[in-house]
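In case you want the letters, here they are:
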Amino acid sequence: RQRYLTMEEIKTLYWHIENRNAFTCNRNVKERVTKDLMIFTRLALSTGARLRSVLTIRKKDINFDTGVVDLVNHKSNRRYKGYLNKKLVEDLLEWCEDLGTEEYVVGRGHKELHISTINRRMKIIMDRVFNELVTDSRERVVVHTLRHTFGSLLAIQGTSIQQIMKLLDHTTMKQSLVYAKLSPNSGFNQVELLGL
């Protein structure tokens, strides 16, 4: 997939999630579902975790003091660390205040929310905002685009490929190299520092 979201597009996505009752066919929009979608989206964009990895975050997996979240890579069946910014940690602390430690953060319960539930709800929003005139399937914005956005924005700000590999929990460098083309002045700063 080539497509990732710019910072402006992320703001637009957030606005449409918060105001989804304005365009959804279901006029009986539940505020808790809207908040769930927003928490899901922010976690996905902040960690780069795949859909199911975000859905399986329990309250106990978040260290609210350090902003570290313990994630499960269901594809390789291993655990890895994600990092949350201060604002998201504050919002999650409030969101999780009345949750038990074993309860899931997205869906707020003891049962894992099914991936089709999030996919269906996010598809309505993403199709309306980003996909109405898109004919090339590689350019469509889907839930996995959030993961690609995380990796792309890291590369754009100059994060090393090794660090991107670690943060996305890729098993091979080849998976992470797709982001190398987005790195600004790739190598220029290092050559400049040599001063030769």
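See above for the structure.
Remember, predicted model here, so these are calculated numbers, not experimental data. (Residues numbered from 1 in each chain as written. Predicted model: local features only at pLDDT ≥ 70, side-chain atom pairs only at ≥ 80, totals over all residues. Heavy atoms only, no water.)

### Re the overall build of the protein
The criterion, for reference: Strands are runs of DSSP state E lasting at least two residues, helices are runs of H or I lasting at least four, and both sets are numbered from the N terminus onward. For each residue, the accessible area found with a 1.4 Å probe, counting protein chains only, is set against the maximum for its type, and the residue is called buried under 20%, exposed over 50%, and partly exposed in between. Residue contacts are defined here by distance: any two heavy atoms, one from each residue, within 4.5 Å place the two residues in contact.
Check the secondary structure of the protein and you find nine helices and three strands. Counting helices and strands in the order they occur from the N terminus, the protein gives α-α-α-β-β-β-α-α-α-α-α-α. Classification of the 196 residues of the protein by burial places 45% in the buried group. Pairs at least 24 apart in sequence give 60% of the contacts found in the protein among residues at least 6 apart.

### Points about the packing of helix H1 (residues 7–18) against helix H5 (residues 115–131)
Quick note on the threshold: Structural elements are reduced to axes, namely lines fitted to C-alpha atoms, with helices fitted over the stretch in contact, and the angle between N-to-C directions of any two is expressed from 0 to 180 degrees. Our angle categories are set so that under 35 degrees counts as roughly parallel, over 145 as roughly antiparallel, 65 to 115 as roughly perpendicular, and the remainder as oblique. Crossing handedness is defined as follows: a turn of the near helix away from the far one that is anticlockwise and smaller than a right angle gives a left-handed crossing, while the clockwise case is right-handed. Side-chain classes follow a simple rule in which Ala, Val, Leu, Ile, Met, Phe, Trp, Tyr, Cys and Pro form the nonpolar group, Asp, Glu, Lys and Arg form the charged group, and the remainder, Gly included, forms the polar group.
Between H1 and H5, whose axes approach to 10 Å, the crossing angle comes to 130°. It follows from the interaxial angle that H1 and H5 lie oblique. Handedness of the H1/H5 crossing: right-handed. On the side of H1, the interface is formed by Glu9, Thr12, Leu13, His16 and Ile17, while H5 contributes Met122, Ile125, Met126, Val129 and Phe130. In terms of residue class, the contact of H1 with H5 is made up of seven nonpolar, two polar and one charged.

### Observations regarding the nonpolar core
Note the cut-off: For the purposes of this section, nonpolar cores are sets of buried Ala, Val, Leu, Ile, Met, Phe, Trp, Tyr and Cys residues that join through side-chain atoms within 4.5 Å.
Counting 39 residues, the largest nonpolar core has Phe40, Leu43, Leu92, Val105, Val106 and Ile118 as its most contacted members. If you list the elements that add at least two residues to this core, you get H1, helix H2 (31–47), helix H3 (51–55), strand S2 (68–73), helix H4 (86–95) and H5. Of all the elements, H2 adds the most residues to this core, at eight residues. For Phe40, the contacting residues outside a window of four places in its chain are Leu51, Val54, Leu55, Val106, Ile118, Met122, Val143 and Leu146. One finds Phe150, Leu154, Ile164 and Leu167 within the second-largest nonpolar core, a separate group that totals eight residues.

### Some thoughts on the pattern of salt bridges
The condition that has to hold: By definition here, a salt bridge exists when the distance from a side-chain nitrogen of Lys or Arg to a carboxyl oxygen of Asp or Glu is within 4 Å.
A full pass over the atoms with the stated rule returns 17 salt bridges. In this structure, Glu9 and Arg3 form a salt bridge, with 2.8 Å as the shortest nitrogen-oxygen distance. You can call Arg3 buried: its relative accessible area is 15%. A salt bridge links Asp61 to Arg79, with the shortest nitrogen-to-oxygen separation between them at 3.4 Å. You can see Asp61 sitting in the loop between H3 and strand S1 (62–63) and its partner Arg79 sitting in strand S3 (residues 78–83), a full 18 residues away along the chain. Owing to a relative accessible area of 9%, Asp61 belongs among the buried residues under this scheme. Sharing partners across several salt bridges, the network here consists of Asp61, Asp70, Arg79 and Lys81.

### Looking at the pairing of S3
Condition: In this description, strands pair whenever DSSP reports at least two bridges between them.
Inspection of the sheet shows S2 paired to S3 by six bridges, in the antiparallel sense. Following the sheet pairing, Asp70 is matched in S3 by Lys81.

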